[in-house]
Amino acid sequence: MSTTKLNRGDVLNKLMEVRGNALAIAGLGSPVWDLAASDHQPENFYNWGGMGCAISMGLGCALAQPKRHVWVITGDGEALMGVGSFATVANQRPDNLVIIILDNEHYGETGMQKTHTSGGTDLAAMAAGAGIPTTMTVHNDEDLNKLINALKTSPLPLVASIKVENTKPKLVLPSRDGVYIKTRFRQAVLGSTAALHVT
Amino acid sequence: MAEPWTTAAHRLFKQHNIRTVGYVPDAGLTELIKSCHADNDIKSVVMTTEEEGIGLSSGAWLGGEKAAVLMQSSGVGNTVNAIASIVSSCQFPLFMIVTMRGQYGESNPWQMPMGQAVAPVLKSLGMHVFEVETDDEAAEAIEAGLKMAFVSNAAVAILIGQKLIGAKSFIADVAEEVINVDN
């Protein structure tokens, strides 16, 4: 196995090429900057807080929008904080939910302390143990191509832990206004009338 | 006799088009959980921790649907940061039903501190908290709360008191026989 890890920006650029019309929910921290850098658009929901909730938020959205794919893009620390959600997702088995973890084995926003994945914790194995039908760890370009193939052909939900370099990404910042981010997303998905008026 | 609050809750969920119900079980929620599971128009989601309910409900709203979250009072502490960070910052609607422990007639001392903390903690987060003790009060508060949550983007918690759901009796409810050690 190569010792050179994948670059998180390159990984996300490659994945966004095959995103299609999937909705995206980013977990707080670097995945937000990564998604904003790679494919900024109204159908992205950026979490600036609420650590541990990106996967459950993705599940809620996937259940509400069964005809759209929903991609959760998050980090290893964020996923670990809400790791029980693997079991909750597995129990619901939404066939439109993809969970992509950019696993740099560190808490990037708090001083680059090591997360549990640097000490042997295997997020893909945890997801498989929870009952997620398709799980994988991505180490290199070949694995990444396998993931891209799995996104088209394997049963969902899918959890992929992508091992990436422990580098600070470029800070590409979306708006911090949660109400704006929420409403923009709903307008894009539901249309303006449904997003702005209660039925 | 008044309509049981759990029947009223399910009826009002239908009336207000609640499509997802996330829950961590409690004895007091048994009937409501059963009726949600029996309803094909409601996606019933058992969660590993109450915090998931906040993500689930917010995610449902992003996708254009309404969700409700059910939990026991001891789980309220698990929701605090998610409510503050996600619900308050983004003004997501939130509708929670909390069945109380550590309150009227409680027989487990470990439940008391959290039971006493629930209302002040939720109020400190800016939530609208309705404490109810009869079936009629509960139905009325659930109806009011559903409107407030989804029409006014409010965060609402209905606290169902132990006077209504009954305090758990360890001897009768849990086992056929009780043996005390640590004598």
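Criteria and cut-off values
- Residues numbered from 1 in each chain as written.
- Chains lettered and ligands numbered in written order.
- Predicted model: local features only at pLDDT ≥ 70, side-chain atom pairs only at ≥ 80, totals over all residues.
- Helix = DSSP H or I, 4+ residues; strand = E, 2+ residues; numbered from the N terminus.
- Rg over C-alpha atoms; globule rule 2.2 N^0.38 Å.
- Contact = placed C-beta atoms within 7 Å.
- Nonpolar A, V, L, I, M, F, W, Y, C, P; charged D, E, K, R; others polar.
- Axes fitted to C-alpha atoms, helices over the stretch in contact; angles between N-to-C directions.
- Parallel < 35°, antiparallel > 145°, perpendicular 65-115°, else oblique.
- Left-handed = near helix turned anticlockwise from the far one by under 90°.
- Pairing = 2+ DSSP bridges.

Some remarks on the overall build of chain B
Okay, so step 1: When helices and strands are tallied, chain B shows eight helices and six strands.
Okay, so step 2: A globule of 183 residues ought to have a C-alpha radius of gyration of about 16 Å, and chain B, at 16 Å, matches this closely.
Okay, so step 3: Considering only C-alpha atoms, chain B reaches an extent of 55 × 35 × 30 Å along its principal axes.
Okay, so step 4: Counted over contacts in chain B with a minimum sequence separation of 6, partners at least 24 positions apart contribute 75%.

Points about the interface of chain A and chain B
Okay, so step 1: Tallying the contact residues gives 31 residues for chain A and 32 residues for chain B.
Okay, so step 2: At the level of secondary structure, the elements contributing two or more residues to the side of chain A that touches chain B comprise α3 (54–64), α5 (85–92) and α8 (178–190) of chain A.
Okay, so step 3: In the side of chain A that touches chain B, the residues fall into 15 nonpolar, 14 polar and two charged.

Notes on the packing of helix α1 (residues 8–17) of chain A against helix α2 (residues 30–39) of chain A
Residues and elements named next belong to chain A.
Okay, so step 1: Taken N-terminus to C-terminus, the directions of α1 and α2 make an angle of 55 degrees; their axes are 9 Å apart at the nearest point. Looking at the two axes, α1 sits oblique to α2. In the crossing of α1 with α2, the sense of the turn from one axis to the other is right-handed. Of α2, the residues touching α1 (which contributes Arg-8, Gly-9, Leu-12, Asn-13 and Met-16) are Ser-30, Asp-34, Leu-35, Ala-37, Ser-38 and Asp-39.
Okay, so step 2: Its residues placed into classes, the contact of α1 with α2 shows four nonpolar, four polar and three charged.

Concerning unusual backbone geometry
Residues and elements named next belong to chain A.
Okay, so step 1: The omega torsion of the bond from Leu-156 to Pro-157 falls at 5 degrees, within 30 degrees of zero and hence cis.
Okay, so step 2: Inspection of the secondary structure puts Pro-157 in the loop between α7 (141–153) and β8 (158–163).
Okay, so step 3: One non-glycine residue with positive phi stands out, namely Arg-93, at about 50 degrees.
Okay, so step 4: As for its placement among the helices and strands, Arg-93 is situated in the loop between α5 and β4 (97–103).
Okay, so step 5: With phi around 60 degrees, Met-112 is a residue other than glycine that occupies positive phi space.
Okay, so step 6: Its place among the elements puts Met-112 in the loop between β5 (106–107) and β6 (113–114).

Some thoughts on the sheet that holds strand β1 (residues 18–23) of chain B
All names here are of chain B.
Okay, so step 1: Read from one edge to the other, the open sheet built from six strands follows the order β2-β1-β3-β4-β6-β5, with strand pairing classed as parallel. Two strands in the sheet have a free side with no partner beyond their single neighbour: β2 (43–46) and β5 (128–132). For this sheet, the mean angle separating the axes of adjacent strands, direction not counted, is 20 degrees.

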